[in-house]
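The primary structure of each chain is shown beneath.
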Amino acid sequence: MRLQSILPVVMTACGLLVAGSLRGQGLPAGLTSSYASPDVEVTVKGADGKPLPGQVMVQLITVNGQLYDQTSLKNGRARFNQVPRTELRVLVMAPGYQRAEKRIDLMTGSKLATVDLELQPIADVEDATADRGISALSPKAQREMGKALEALRTKKPNNARTHLEAAQREAPNSAEVEYLLGVYASQVNDPAEAQTHWNNALAINPKHLSALLEMSQELLHEKKPSEAMSYLNRAIEAEPSSWRAYALLAEADYMQGHRDDAIKHAERATELGRERAAPLQPFLAGILAEAGDKERAIHIMQEYLKGNPSDAVAAKQLEQWKHPESAPTGEHAAVTGELNKVNAAATALPIPSNWLPPDVDEKVPPVESGAVCSLDEIVQKAGEQLVALVHDVDRFTATESLVDETINKWGVASAPETRKFSYVVSIEEVRAGHLGVYEYRSSGGKTAEFPDGVITNGLPALVMIFHPFYAGNYDMMCEGLSRWNGGLAWQVHFRQRPDKPIANRGFRVGALGSSYPVALRGRAWISVDNHQIVRLETDLLRPVPEIRLVAEHAAIEYAAVNFREENVNLWLPRSAEVYFDWRGARVHRRHSFDNYMLFSVDEKERIGSPKEAKAPAEPEASNGTTPPSSRPNE
């Protein structure tokens, strides 16, 4: 059977979003207008007193945290004209340097305010104590770890012990081995031994997040919240975007009677964890109700029950809040206890995968503190780039190289198979509000087919999530400003809206089989300089049991391709990776693209001759996890 994805279908056109900076939109509360509005000039230098190389972004932020205006440095300076007379914060960020900021008061009579800032380089020192995970182990140790993980995942701890001990002999100083020995001990109900192994893991790698969380969870189970908090504070320091750490911290606060802190940390957990943290909503609602905020507690519980209508415990609690006179004596305490059990189940750590990259919602990649996003403006300008791409390009060709690996149930990869294709992509607006993205491949000889007949298509179509035809189908949130491949990029999370059509992703089994639309969630990195999408990651919103599709993680790297004849730069896929678990088969594929050629259509609908492309510049090494992606498509 052949697994194919479906092209974007059935789209409802939606308008471009409105820009969100305050510049030119009238003044919010706190900003005062004046006929003699001053200019602000910002000068930025490095520690050596010289102008900084590369991209430097400067923001003006109001006292209430709103973005007033932003620009990039030119020759070491940035100038803002006719700025309202008020207090502002100047924030400066550059790749490889620590952020710098300074407050300025423009209420004085000066017509020009000058701000001088010096950026200090970020120390690029690798923590020698850090454990690089299972991938750092020898092949034999990795194989034993894979067998142990499979046994632990299927709740067969006795089968895991032998393999873990073999892995420990191969790698006696691995935090990962010690961590899994602790998981084994926990599954056989030996909490003392589990804590010993998790502390051993932390002795090797003090920032091992999973060991820190497991230790705190076990201590909370033993009703030792103050001891748990010491591990939880370390967990948040190691990974500030861990929703599980904040959820457990909320529970520790609650156990110690710190209700306000518990509410604050539970809110942060649900904000970071999104759908994964949804089971925490009853816990948060319960604390709010105890604090006397019944109205908000009822609202949160009602929202939770929309997605979880079968949760009888939460429904019962909601009815008690709405009709307290009907609750039997002592019933409230019993239900609260049940909600605490739900919280513990929600924060339980899954058995880690040794082949599938982390889910996009497991944590939020680090962003610059203090930077202010204007989501509407970012999405609008990214959409404009895609509109221009569709308008300017009829089709392009490239050489596609493919490396395919099958992963066995222990996480060990097979010998790679390679393929090379002549690859053609055609993009067109087939009718108002509807895009067609078509892909064709050809290759001589027996290797013309994809391995196992499973085709991965759709790299050009995935980025169209941000096209104005499609963007309205997703809930989007700007997570902040990140450093990416030597530049700055806005980090935007997206998630399919339940009330909108699923249109950007789908699968078909067999050439004439039924199609299965698939909802996506993911994250995009959008360049600050030109609003091009430089990286895109996606995961399934939920598995597709109808075709036994358990998981798919995709990620794509984009780069500028210059077409010499017309001196045109287009941002096209440079490399991609896809991981999927389908019908028990686990596959990892790496795609790369070069030798681009461009075809365009003139006003008389004649296809122009191909324009050769310069190879895209080699991007700097990424500091993050690997994935780029591919995706099946019709």
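Above: the structure in question.
Residues numbered from 1 in each chain as written. Predicted model: local features only at pLDDT ≥ 70, side-chain atom pairs only at ≥ 80, totals over all residues. Heavy atoms only, no water.

K.L.:
Please give an account of the packing of aromatic side chains that cites residues and values.
P.N.:
Evaluation of the coordinates by the stated rule reveals nine aromatic pairs. Here Tyr423 and Phe593 contribute two aromatic rings whose centre-to-centre distance is 5.4 Å and whose plane-to-plane angle is 35 degrees, an arrangement assigned as tilted. Linking Tyr423 in strand 10 (residues 417–431) with Phe593 in strand 20 (residues 585–599), this pair joins segments that are 170 residues apart in sequence. Of the two residues, Tyr423 and Phe593, neither departs from the other in class, the shared state being buried. Ring centres of Phe466 and Phe494 lie 5.8 Å apart, and the angle between their planes is 90 degrees; on these two criteria the pair is classed as edge-to-face. Of this pair, Phe466 sits in the loop between helix 14 (459–462) and strand 12 (474–484) while Phe494 is found in strand 13 (residues 487–496), placing the two residues 28 residues apart along the sequence. The same class applies to Phe466 as to Phe494, namely buried. Each residue in the set Phe466, Tyr474 and Phe494 is aromatic and connected to the rest through ring pairs, giving one cluster. In this structure, Arg268 is placed above the aromatic ring of Tyr246, and the distance from its NZ or CZ to the ring centre is 5.9 Å. Over the face of the ring belonging to Phe421 we find Arg441, whose NZ or CZ atom lies 5.9 Å from the ring centre. (Phe/Tyr/Trp six-rings, centres within 6.5 Å; stacked < 30°, edge-to-face > 60°. Helix = DSSP H or I, 4+ residues; strand = E, 2+ residues; numbered from the N terminus. Buried < 20%, exposed > 50% of the residue type's maximum accessible area, 1.4 Å probe, protein only. Lys NZ or Arg CZ within 6 Å of the ring centre and 35° of its normal.)

K.L.:
For the environment of Gly472, give the residues involved together with the corresponding values.
P.N.:
Tracing the chain through its elements places Gly472 in the loop between helix 14 and strand 12. Residue Gly472 is classed as partly exposed on the basis of its relative accessible area, which comes to 24%. Measuring from C-alpha to C-alpha, the distance between Gly472 and Gln496 comes to 9.3 Å, with 24 residues separating the pair along the chain.

K.L.:
Can you tell me about the sheet that holds strand 3 (residues 57–62), naming the residues and giving the values?
P.N.:
Read from one edge to the other, the open sheet built from four strands follows the order 4-3-6-7, with strand pairing classed as antiparallel. In the strand order of this sheet, the two ends are held by strand 4 (67–72) and strand 7 (100–105), each with one partner. Put simply, the sheet's adjacent strands are angled 20 degrees from each other on average, direction ignored. Taken together, the five bridges between strand 3 and strand 4 define a ladder with antiparallel strand orientation. Across the sheet, the residue bridging to Leu60 is Asp69, located in strand 4. (Pairing = 2+ DSSP bridges. Axes fitted to C-alpha atoms, helices over the stretch in contact; angles between N-to-C directions.)

K.L.:
So what's going on with the nonpolar core? Residues and values would help.
P.N.:
Of all hydrophobic cores here, the largest spans 67 residues; its most connected members are Met464, Phe466 and Met476. Once you skip the residues sitting within four places of it in the chain, Met464 turns out to touch Leu386, Leu389, Val390, Ile427, Leu435, Tyr470 and Asn504. Of all hydrophobic cores here, the second largest spans 50 residues; its members include Tyr179, Leu212, Leu232 and Leu349. (Core = buried A, V, L, I, M, F, W, Y, C linked by side-chain atoms within 4.5 Å. Contact = heavy atoms within 4.5 Å.)

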